[in-house]
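So you can see what is in the structure, the chains are spelled out below.
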Amino acid sequence: MSDILIVDDERDIRELVSDILEDEGYATRLAGTSDEAMAQINSDPPGLLILDIWLKDSNMDGIDILKAVKRDNPDIPVVIISGHGNIEIAVAAIKQGAYDFIEKPFNIDQLLVVIRRAMETSRLRRENLNLKRQGTGAAQMVGQSSAFRTLVSQLDKVTKSNGRVMLTGPAGSGKEIAARYIHANSNRANGPFVTVNCASIEPERMEEVLFGREGADRGVEPGLLEEAHGGVIYFDEVADMPLGTQSKILRVLVDQQFQRVGGNDRVRVDLRVISSTNRDLEGEISAGRFRQELYHRLNVVPIPVPSLEERREDIPVLASHFIEMCNDTQGLPVRAISEEAAALMQTMIWPGNVRQLKNLIERVLILGDGTGPIEARELPSDHDVGGDDSRVVLSGAMASLPLREAREAFEREYLLTQINRFGGNISRTASFVGMERSALHRKLKSLGVVTSNKAGARVAHLEDEEADA
């Protein structure tokens, strides 16, 4: 996509332009009819198109070819030339997406200036798009727990296919990172990764944002679907997509083409679709807020992304990763994490999941003093009341229980927390709490604590909860 295709029904003119451009170091191709031009464009898109408006013995004129190119290959700059030019034709060509319009007989120096500018503009646009793609987030997956390894194994299975993937999991659990991991390890890795934030786009603007628009007053404005051509379109929190848009997206999934808002031409796209949600889409379907057919189209390969609670073993590793990230991006100090701080983070409640952990680490690094290890006292705690750090502050419910029942309640919660902290590993839990493994098993049985597989990991919970499930 670095040469120039010259389309003109006059052989002398197209060969003259070709000779001049080749003297300037450009590679060229020639076409005398619309059929020849479209065949070459479709088989091997050029870096730039020089296009005559009037083409004898052709099925399409220059404006028709321009429309087709801007529909299917919007990155190709088009310079229109014509011996019958007038202001109306020039305006029409520019509104259809032409880079510039030059009237015959043209000045060679003027043509070369326009071509250089068009090629440079196209190059800068591509570089800018590549920079945007590189700067929109890394695809690095971090962890070592069983739940994490199960997730990565599932992601690896879908990277080389073109199947649609539905990522489910709570907010902040890392669904977009998982989507980027699929893209980065797929055969579309060199193509774009375009995110559609369904929850943040105003419903009345959703179709313009997705499909783009065209009109006499504004020309052609590509949408996100066109930007994602050849790569991945990621529908983040797809349950927030308006019902009317859902039906049109369904048609895009079936036909791989659509019309811009205000336009009549059909735009063909080659897309892989990945979507995510933190809601129960089957419940949304029952409530009439999500289309069942679209759900089945998107949910070809469902992959659950575990919450941070389901992978507590990964918290110290993730925290260290975020410390390095903050150092790279903001110059914040690299600090180790003390054992007490790591243990406390593994027992904290994380409703915001991995995103909340990242924000906490950033806040600690910004507000912290020095470069020593992060200590437990620097972390937030719902039980902070000041005074002696060794005191255990009872909740009102715990304080109202007799000693035996309070002891059992404490032991139950303590052991649940420790087992989940160590990813369901009883041996590591026994070593940390200072009990023989057999004694720990007996204690767990007496307290009604059991472990079972969930999201690929061993998770501790109460036996009554398993029965209820």
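A brief look at the structure comes next. Because the structure is predicted, anything quoted here is derived from the model rather than measured.

Thresholds, definitions, all that
- Residues numbered from 1 in each chain as written.
- Predicted model: local features only at pLDDT ≥ 70, side-chain atom pairs only at ≥ 80, totals over all residues.
- Heavy atoms only, no water.
- Helix = DSSP H or I, 4+ residues; strand = E, 2+ residues; numbered from the N terminus.
- Buried < 20%, exposed > 50% of the residue type's maximum accessible area, 1.4 Å probe, protein only.
- Contact = heavy atoms within 4.5 Å.
- Areas by Shrake-Rupley, 256 points an atom, 1.4 Å probe, with all protein chains shown as cover.
- Pairing = 2+ DSSP bridges.
- Right-handed = clockwise from strand over helix to strand, strands pointing away.
- Expected span 1.5 Å × (residues − 1).
- Arc of directions from axis to C-beta.
- Salt bridge = Lys/Arg side-chain N within 4 Å of Asp/Glu carboxyl O.
- Axes fitted to C-alpha atoms, helices over the stretch in contact; angles between N-to-C directions.
- Parallel < 35°, antiparallel > 145°, perpendicular 65-115°, else oblique.
- Left-handed = near helix turned anticlockwise from the far one by under 90°.
- Nonpolar A, V, L, I, M, F, W, Y, C, P; charged D, E, K, R; others polar.
- Patch = residues over 30% accessible without salt bridge, like charges linked within 9 Å, V, L, I, M, F, W, Y side chains within 5 Å.

Here we look at the overall build of the chain
On a plain count of helices and strands, the chain comes out with 20 helices and 16 strands. Split into buried and exposed, the 469 residues of the chain put 44% on the buried side. For the chain, restricting intrachain contacts to residue pairs at least 6 apart in sequence, the fraction spanning at least 24 positions comes to 69%. When the accessible surface of the chain is totalled, it reaches about 24,000 Å², and 48% of it is carbon and sulfur.

Overview of the pairing of strand β1 (residues 4-7)
In β1, alternate side chains face the same way, and those of I4 and I6 on one face and L5 and V7 on the other are all buried. Of the strand pairs in this sheet, β1 and strand β2 (residues 28-31) are connected by four bridges, and their pairing is parallel. Bridge pairing links I6 to L30 in β2. For the segment spanning β1, helix α1 (residues 11-23) and β2, crossover handedness is right-handed.

Brief notes about helix α6 (residues 146-158)
Its 13 residues give α6 an end-to-end C-alpha distance of 19 Å, which sits within 8% of 18 Å, the value for a rise of 1.5 Å per residue. A147, F148, L151, V152, L155 and V158 are the residues of α6 that are buried. Projected onto a plane normal to the axis of α6, the buried residues spread over an arc of 130° and lie on a single side.

Considerations on unusual backbone geometry
The residue D57 is not glycine, and still its phi comes out positive at about 55°. Along the chain, D57 turns up in the loop between β3 (48-52) and α3 (62-72). For D57, a relative accessible area of 79% translates into the label exposed. Positive phi values are uncommon outside glycine, yet N353 reaches one of about 60°. Judged by relative accessible area, N353 falls into the buried class, the value being 3%.

Comments concerning the pattern of salt bridges
Tallying each qualifying case throughout the model produces 19 salt bridges. Note that D3 and R29 form a salt bridge whose closest N and O atoms lie 2.6 Å from each other. In this pair, D3 is assigned in the segment before β1 and R29 in strand β2, connecting sequence segments 26 residues apart. Residue D3 shares its accessibility class with R29, and that shared class is buried.

A word on the packing of helix α13 (residues 315-330) against helix α14 (residues 339-347)
Closest axis-to-axis distance for the α13/α14 pair is 9 Å, and the angle between their directions is 115°. Comparing the axis directions of α13 and α14 gives the class roughly perpendicular. Like other packed secondary-structure pairs, α13 and α14 cross with a definite hand, here right-handed. Counted together, I315, P316 and A319 of α13 and A342, M345 and Q346 of α14 form the full contact between these two elements. Of the residues that constitute the contact of α13 with α14, the class distribution is five nonpolar, one polar and no charged.

Here's the deal with the packing of α13 against helix α15 (residues 353-367)
Remark: α13 packs on α15, axes separated minimally by 9 Å, with the N-to-C direction vectors making an angle of 55°. Considering the angle they form, α13 stands oblique to α15. The chirality of how α13 crosses α15 is right-handed. Of α15, the residues touching α13 (which contributes I315, L318, A319, F322, I323, M325, C326 and Q330) are V354, L357, K358, I361, E362 and L365. Here the contact of α13 with α15 is composed, by residue class, of eleven nonpolar, one polar and two charged.

Topic: a nonpolar patch on the surface
Taken together, the side chains of F410, Y414 and F432 make up a nonpolar region of the molecular surface, amounting to roughly 290 Å² of accessible area. Tracing the backbone shows F432 in helix α18 (residues 426-433). Residue classification places F432 among the partly exposed residues on the basis of a relative accessible area of 42%.

What about the sheet that holds strand β14 (residues 301-304)?
Within the open sheet, the five strands sit side by side as β7-β10-β13-β6-β14. Their pairing is parallel. Of all strands in the sheet, those bounded by a partner on one side alone are β7 (193-197) and β14. On average, each strand axis in the sheet is tilted by 20° relative to the strand beside it, whichever way the strands run. Examined bridge by bridge, β7 and strand β10 (residues 232-236) share five bridges and lie parallel to one another. Paired with T195 across the strands is Y234, a residue of β10. The strands touched by helix α7 (residues 175-184) within the sheet are β6 (165-168), β7, β10 and β13 (272-277), with β7 carrying the most contacts at an inclination of about 155°.

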